[in-house]
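Coordinate analysis (summary)
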Amino acid sequence: MYSFYDLYKKVHKHNLDNSEYIGNFLANPYSYLKARYYFLTANFIVYAIQNLDFNPRYLTFIYILQGFLAMILLNVENIYLNLLSLFLFFSKGTFDWADGHYARLKNKTSLTGHIIDIYGARLNSVFFLIGLGLFQYQKYYNDYFLYMLIFLPIFMFGYLEKYSYQIIFNKLNNIELDVNIDTDKIKKISSGFFGNIHNYRNYFINFLDDRSRTVDLIILILFIELFSNINFSYIFFILIFIKWALIWFYSLIFHSSNNWSEKILIKKNREIKK
């Protein structure tokens, strides 16, 4: 049986080796401190269950359930349950970090587990935004928030780039990898107007992203709103909705013109042949 300190050193070293941004306090003070909170809370869980033997994905399922429960509790007319919801959202990374920590401890890491983990994080982001949107609707009874709640998951999960990768994977999996496409033409097309916009898209995607720096700021604002007449969390919800709507629209235009899919298929073809 590992000591609590030995387990803490393991989770600390692994995450610092794979995420340099959480290791520099001066460059990322909040990420640095929040990571230590996750180190500690995830380590408590793994320390308590280290003698058990089960599939790490069950911890991921708890992580997903935690986000769903927090979404519901945020919109119950009970301030104590609302506060519990904010705490669950604030601590959502605990089980996310614990599942990987436990999997490495038991030598049960896998690609499938990694995929489920990323999928769980995505679902938690959607749960948070839906919870935030429902919170605004219950406060203002404005139907526009309902319309945004309908379209937001579509924008987040249904933009063309993500769907294209699935088709490309199926294409690589089911056909011969020799593709006859004019690569010079593709290079010319992809360097046009949309290609130039594409170079700066990461700056836009990182705006109001689902990392702790954004989520915890909104949680703080919601906390203040529960005890005061201050109301501006709706601004964040609207801005995030607009962001994803623009990403969806941009992806529809960029990834349906420019022979983008053919370009990716050729690139993966060459990588596989190496």
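Here the structure is a predicted model, which means the values were calculated and not measured.

Some remarks on the overall build of the chain
Broken down by element type, the chain carries 14 helices and zero strands. Across the chain, every contact between residues at least 6 apart in sequence was considered, and the portion connecting residues at least 24 apart equals 79%. As presented, the chain carries roughly 16200 Å² of accessible surface, and 63% of it is formed by carbon and sulfur atoms.

Some remarks on the packing of aromatic side chains
In total, this model carries 22 aromatic pairs according to the counting rule given. Taking the centre distance of 5.8 Å and the plane angle of 75 degrees together, the rings of F4 and Y47 count as edge-to-face. Placement of the pair is F4 in helix α1 (residues 4–18) and Y47 in helix α2 (residues 29–49), with a sequence separation of 43 residues. Look at F4 and you get partly exposed, because its relative accessible area is 24%. Plain terms: the ring middles of Y8 and F39 are 6.1 Å apart, the flat faces sit at 85 degrees to each other, and that makes the pair edge-to-face. Highlighted residues: Y8 in helix α1 and F39 in helix α2, separated in sequence by 31 residues. For F39, a relative accessible area of 0% corresponds to the buried category. By way of ring pairs, the aromatic residues Y8, Y37, Y38, F39, F90 and W97 are connected into one cluster. Just above the ring of Y32 sits the side chain of R36; from NZ or CZ to the centre is 3.7 Å.

Comments concerning α2
Given 3.6 residues per turn, any residue in an α-helix points the same way as the ones three and four places further on. Spanning 21 residues, α2 covers 31 Å between terminal C-alpha atoms, matching the ideal 30 Å at 1.5 Å per step. In this structure, the buried side of α2 is in contact with α1, α3 (57–74), α4 (79–90), α5 (93–105) and α12 (212–226).

Regarding the nonpolar core
Burial of nonpolar side chains together is a common tendency in soluble globular proteins. Core analysis: the largest hydrophobic core is formed by 36 residues, its most contacted members being F89, F128, L152, I218, L222, F237 and W244. The set of elements that each furnish at least two residues to this core consists of α3, α4, α6 (111–140), α7 (143–157), α12 and α13 (233–254). Not counting the four nearest positions on each side in its chain, I218 is found in contact with F128, L132, F236 and I240. Among the nonpolar cores identified, the runner-up in size contains 15 residues, and A35, F39, L59 and Y102 belong to it.

So, the pattern of salt bridges
Inspection of the entire model under this criterion finds six salt bridges. For K9, the salt bridge goes to D6, with nearest N and O atoms at 3.8 Å. Residue K9 and its partner D6 are located together in helix α1, separated by three residues, close to a single helical turn. With relative accessibility at 32%, the residue D6 sits in the partly exposed group. A salt bridge links D209 to R213, with the shortest nitrogen-to-oxygen separation between them at 2.8 Å. For D209, a relative accessible area of 11% translates into the label buried. For R213, a relative accessible area of 40% translates into the label partly exposed.

Details of α4
Along its 12 residues, α4 runs 16 Å from first to last C-alpha, staying within 8% of the 16 Å computed at 1.5 Å per residue. Where α4 is concerned, the buried positions are N82, S85, L86, L88 and F89. Taken down its axis, α4 places every buried residue within 160 degrees of arc, on the same side. Of the surrounding secondary structure, the elements contacted by the buried residues of α4 are α3, α6 and α12. The residue sitting at the N-terminus of α4 and contributing the capping side-chain oxygen is N78; that oxygen lies 2.9 Å from the backbone nitrogen of Y80.

Calculation notes
Residues numbered from 1 in each chain as written. Predicted model: local features only at pLDDT ≥ 70, side-chain atom pairs only at ≥ 80, totals over all residues. Heavy atoms only, no water. Helix = DSSP H or I, 4+ residues; strand = E, 2+ residues; numbered from the N terminus. Contact = heavy atoms within 4.5 Å. Areas by Shrake-Rupley, 256 points an atom, 1.4 Å probe, with all protein chains shown as cover. Phe/Tyr/Trp six-rings, centres within 6.5 Å; stacked < 30°, edge-to-face > 60°. Buried < 20%, exposed > 50% of the residue type's maximum accessible area, 1.4 Å probe, protein only. Lys NZ or Arg CZ within 6 Å of the ring centre and 35° of its normal. Expected span 1.5 Å × (residues − 1). Core = buried A, V, L, I, M, F, W, Y, C linked by side-chain atoms within 4.5 Å. Salt bridge = Lys/Arg side-chain N within 4 Å of Asp/Glu carboxyl O. Arc of directions from axis to C-beta. Polar contact = N/O pair within 3.5 Å; in protein donor to acceptor, adjacent residues only side chain to side chain.

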